[in-house]
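# Descriptive analysis of the structure
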Amino acid sequence: MKRRLTSKLLLASLAIAPLAAAPTSVATAQSVVRPTSEVVLSIGRGELVNVPGTMADVFVANEEIADVQIKSQRQLFVMGKSGGETTIYASNAAGDIIWSANIRVGSNIGSIDQLLAMAMPQAKISVATMGSNVILLTGTVAAPEDAAEAQRLVEAYVGTDANVISRLRMATPLQVNLQVRIAEVSRSVVRALGVNLTSVDATGGFKFGIGQGRSPFTQVSPGGPVAVGSDLEGDLYNIVNQGSSGSTLGAFGKFLGLDIGAALDLAETQGLVTTLSQPNLTALSGETAEFLAGGEFPIPLAQGLGTTTIEYKNYGVSLAYTPTVLANGRISMRVRPEVSELSSQAAITLNGFEVPALTTRRAETTIELGSGQSFMIAGLLSNSATNTIDKAPGLGDIPILGNLFRSTTYRKGETELVIVVTPYLVKPVDGNDIKLPTDGFRKPSEFQRLLGFQQSDGVTGAERPKPRAVESTPAAPSVSQGLPADDGEQQPRRESEARRASAQPGFSFE
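Residues numbered from 1 in each chain as written. Predicted model: local features only at pLDDT ≥ 70, side-chain atom pairs only at ≥ 80, totals over all residues. Heavy atoms only, no water.

On a plain count of helices and strands, the protein comes out with five helices and 26 strands. Each of the 510 residues in the protein was classed as buried or not, and the buried ones make up 26%. A separation of at least 24 residues holds for 60% of the contacts in the protein among residues at least 6 apart in sequence. Entry remark: accessible area of the protein is about 34,000 Å², with carbon and sulfur atoms responsible for 55%. (Helix = DSSP H or I, 4+ residues; strand = E, 2+ residues; numbered from the N terminus. Buried < 20%, exposed > 50% of the residue type's maximum accessible area, 1.4 Å probe, protein only. Contact = heavy atoms within 4.5 Å. Areas by Shrake-Rupley, 256 points an atom, 1.4 Å probe, with all protein chains shown as cover.)

Okay, here's the thing in structure tokens:
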């Protein structure tokens, strides 16, 4: 009887509903309720939710991703079953939504957070899942190697099926300091030997000479070569001429009634050059930095209408490099060190100006290495030997006597050059922690400069004046402590002093 009554009432309500709705010409759409909260779960784990109201119905969009168990009319337990996203709604007896949430289920998110917190306590990394097998890492780490290490740990934990995306940022911009050491040792030896034989008629009517050396008749002047002996009318005359290219030994005498003069050129030059340069330069990753410690020398260039212009060329120790910090913490950089110096050898004279030559050692390459690692990018080991003989044709080949018609020059050079680069990932430091070459320098007093002939009054290990914070001044005592009250004249002056004190900087160089 109850079922029949219920069916009759249901048919009557359905018949009356169109008649009641007929006068209304515009249909009213129901409002859309979106989830108001979000719950993130791991597979196989759940959370207990307290619902703000009495539940009558619970709706789960996808029971394969998450499921619920109702503990009471105000509490329900949400469980994660598989990776993905779904939605849960809870309504009361009147049909009002009293709780709704987006449920995101991932692969052991809490365990990954705990793993990263234990392995990298200084880093701030957040883990989120995008779908069933995508894990997103966000946050801040100190260095690129920390980001690579975090991604490697997560990939090893979740397995190869998951796709780990790292969007970790560095705490500070990446700065690379490059140290370049250029060490060179160059040795050179030059030896020269020449003979000159001259016959002279004392009356000045005849002169004859053979050989490749300089003439024995070298003028002797004050401050010039050293002469020992007598004049041409004597039996012997010796000259020792110390020139720029060596020494000349001269002798004069009579032979078969002829005045004979002979000169022997002896020269030996030994040179040793040692160069050690160590430029340091810091630049941001991806930026190009240049360094030059030297100068510029002018080069005259002839122009039209008899005019001359000057062009300057750099010389000295220069360094240019572009670092790029890779994801694994290694540094790839394009580096170009150069050491050049002015040289009188191969110099030319142009329009009355002497243009010096340049002796240059340069290297340019691209390398990849880790922070603190060193690499030799260039090396040179050069040995050269040259032997030059100037002689008269035919006469210089005569045994023994042929030495009078020959001049010998021997040159030997040895050069060793090494260029080593070392990059470092650096961070800014406090200015007071930096040591400068001028920290221990102190200028001398007048007594030390005039009587002690001292150029400085330096102290080993001394520190330069550094900025320091201004000490806080004690608060002014109140009037209740016995101070007289400000009158009309003192008040403006004290306000002006207070304004000046507030405008002073927070540190002092005193």
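The subject of this paragraph is the side chain of Thr87. Of note, Thr87 is situated in strand β6 (residues 84-91). By relative accessible area, which is 19% here, Thr87 ends up buried. For Thr87, the side chain forms a polar contact with the side chain of Asn102, separated by 3.4 Å. (Polar contact = N/O pair within 3.5 Å; in protein donor to acceptor, adjacent residues only side chain to side chain.)

Before going further, it helps to spend a moment on the side chain of Thr86. Relative to the helices and strands, Thr86 resides in strand β6. What makes Thr86 buried here is its relative accessible area of 6%. A polar atom in the side chain of Thr86 sits 2.9 Å from the backbone nitrogen of Asn62. In this structure, Thr86 is in contact with Ala61, Asn62, Ile65, Ala66, Ala101, Asn102 and Ile103, ignoring residues within four places of it in sequence.

Looking at the element boundaries, Pro428 is found in the loop between β24 (406-426) and α4 (446-450). The sequence separation of Pro428 and Gln175 amounts to 253 residues, and the corresponding C-alpha distance is 8.9 Å.

The sheet built from three strands is open, its strands ordered β2-β5-β4 with antiparallel pairing. The strands lining the two open edges of the sheet, one partner per strand, are β2 (46-50) and β4 (66-72). This sheet shows a mean twist of 25 degrees between the axes of neighbouring strands, independent of strand direction. Alignment of β2 against strand β5 (residues 75-80), held across five bridges, turns out to be antiparallel. Across the sheet, residue Val49 finds its bridge partner in β5, namely Leu76. (Pairing = 2+ DSSP bridges. Axes fitted to C-alpha atoms, helices over the stretch in contact; angles between N-to-C directions.)

Overall, the coordinates contain 13 salt bridges when judged by the stated rule. For the salt bridge of Glu85 with Arg104, the shortest nitrogen-to-oxygen distance reads 3.3 Å. Taken together, the residues Glu85 in strand β6 and Arg104 in strand β7 (residues 97-106) connect sequence positions 19 residues apart. When its relative accessible area of 22% is taken as the criterion, Arg104 is described as partly exposed. With its nearest N and O atoms 3.4 Å apart, the salt bridge here joins Glu368 to Arg330. With Glu368 in strand β22 (residues 365-369) and Arg330 in the loop between β19 (308-325) and β20 (331-350), this pair connects stretches of sequence that are 38 residues apart. Residue classification places Glu368 among the partly exposed positions, given a relative accessible area of 39%. (Salt bridge = Lys/Arg side-chain N within 4 Å of Asp/Glu carboxyl O.)

Turning our attention to the sheet that holds β7. Pairing is mixed across the open sheet formed by four strands, whose spatial order is β1-β7-β6-β3. Each edge of the open sheet carries a strand with a single partner, namely β1 (37-42) and β3 (57-60). Between one strand and the next, the sheet's axes are offset by a mean angle of 20 degrees, whatever the strand orientation. Where β1 meets β7, six bridges bridge the pair, whose relative direction is parallel. For Val39, the partnering residue across the bridge sits in β7 and is Ile103.

Here the focus is the packing of aromatic side chains. With the rule as written, the count across this model stands at one aromatic pair. Residues Phe297 and Tyr315 carry aromatic rings whose centres are separated by 6.1 Å and whose planes lie at 55 degrees to one another, so their mutual orientation is tilted. Of this pair, Phe297 sits in strand β18 (residues 289-302) while Tyr315 sits in strand β19, and the two are 18 residues apart along the sequence. (Phe/Tyr/Trp six-rings, centres within 6.5 Å; stacked < 30°, edge-to-face > 60°.)

Note on backbone geometry: most residues besides glycine have negative phi, and most peptide bonds are trans. Even without being a glycine, Phe453 presents a positive backbone phi close to 50 degrees. Summarising the element assignment, Phe453 is placed in the loop between α4 and β25 (468-469).

Moving on: the nonpolar core. Counting residues in hydrophobic clusters, the biggest one holds 23 residues, and the most contacted among them are Leu178, Tyr321, Ile377 and Val421. Of all the secondary structure elements, the ones that give two or more residues to this core are β11 (175-200), β17 (280-284), β19, β20, β22, β23 (375-391) and β24. Dropping the residues within four chain positions of it, Ile377 is found in contact with Val335, Pro337, Ala363, Thr365, Ile367, Ile419 and Val421. (Core = buried A, V, L, I, M, F, W, Y, C linked by side-chain atoms within 4.5 Å.)

Time to look at helix α3 (residues 144-158). Across its 15 residues, α3 extends 22 Å between first and last C-alpha, which sits within 8% of the 21 Å expected from 1.5 Å per residue. Three or more residues of α3 are buried, namely Pro144, Ala147, Ala150, Leu153 and Val154. (Expected span 1.5 Å × (residues − 1).)

Before going further, it helps to examine a nonpolar patch on the surface. A cluster of nonpolar residues, Leu395, Ile398, Ile400 and Leu401, forms a patch on the protein surface that exposes about 400 Å² of accessible area. When you line up the elements, Ile398 lands in the loop between β23 and β24. Looking at Ile398, the relative accessible area reads 35%, which means it is partly exposed. (Patch = residues over 30% accessible without salt bridge, like charges linked within 9 Å, V, L, I, M, F, W, Y side chains within 5 Å.)

Here Val105 lies in strand β7. With a relative accessible area of 0%, Val105 lands in the buried category. In this structure the C-alpha to C-alpha distance between Val105 and Val40, which are 65 residues apart in sequence, comes to 6.0 Å.

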